[in-house]
Amino acid sequence: MVQIMVAAGFSENDMVKWHQKFEELEPQEHQKFLESLGITSDEIRQIRAL
């Protein structure tokens, strides 16, 4: 997924903003999305804490 975002022109800051908005608008779906990527529980907590 990161590679797609980078290829689409997302900067690191853009990706953080994207996750923040996803978390704000759809927290449960954001959780499911992160889990579907095979991200560890610790990493998911860090991403969602942003």
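These figures come from a predicted structure and were not determined experimentally. (Residues numbered from 1 in each chain as written. Predicted model: local features only at pLDDT ≥ 70, side-chain atom pairs only at ≥ 80, totals over all residues. Heavy atoms only, no water.)

(A) Up close: the packing of helix α3 (residues 27-36) against helix α4 (residues 41-49). At their nearest, the axes of α3 and α4 sit 10 Å apart, and the two run at 140° to each other. If you check the angle between α3 and α4, you find them oblique. Handedness of the crossing formed by α3 with α4: right-handed. From α3, Pro27, His30, Gln31, Leu34 and Glu35 reach across to α4, where they touch Ile44, Ile47 and Arg48. Looking at the contact of α3 with α4 residue by residue, the classes come out as four nonpolar, two polar and two charged. (Axes fitted to C-alpha atoms, helices over the stretch in contact; angles between N-to-C directions. Helix = DSSP H or I, 4+ residues; strand = E, 2+ residues; numbered from the N terminus. Parallel < 35°, antiparallel > 145°, perpendicular 65-115°, else oblique. Left-handed = near helix turned anticlockwise from the far one by under 90°. Contact = heavy atoms within 4.5 Å. Nonpolar A, V, L, I, M, F, W, Y, C, P; charged D, E, K, R; others polar.)

(B) The packing of helix α2 (residues 12-25) against α3, seen in detail. Closest axis-to-axis distance for the α2/α3 pair is 5 Å, and the angle between their directions is 130°. One way to sum up the angle between α2 and α3 is to call them oblique. Here α2 contributes Trp18, His19, Phe22, Glu23, Glu24 and Leu25 to the contact with α3, which in turn contributes Pro27, Glu29, His30, Phe33 and Leu34. Grouping the constituent residues of the contact of α2 with α3 by class yields six nonpolar, two polar and three charged.

(C) Highlighting the pattern of salt bridges. Enumeration according to the criterion identifies four salt bridges in this entry. The partner of Lys32 in a salt bridge is Glu29, and the shortest N-O contact between them spans 3.2 Å. Taken together, the residues Lys32 and Glu29, both in helix α3 and three residues apart, mark about one turn of the helix. According to the relative accessible area criterion, Lys32 is partly exposed, its value standing at 48%. The exposure class assigned to Glu29 is partly exposed, which follows from its relative accessible area of 36%. Ionic pairing is found between Asp42 and Arg45, a salt bridge with its closest N-O pair at 2.3 Å. In this pair, Asp42 and Arg45 both sit in helix α4, three residues apart, roughly one turn of the helix. Using a relative accessible area of 49% as the deciding quantity, one classes Asp42 as partly exposed. (Salt bridge = Lys/Arg side-chain N within 4 Å of Asp/Glu carboxyl O. Buried < 20%, exposed > 50% of the residue type's maximum accessible area, 1.4 Å probe, protein only.)

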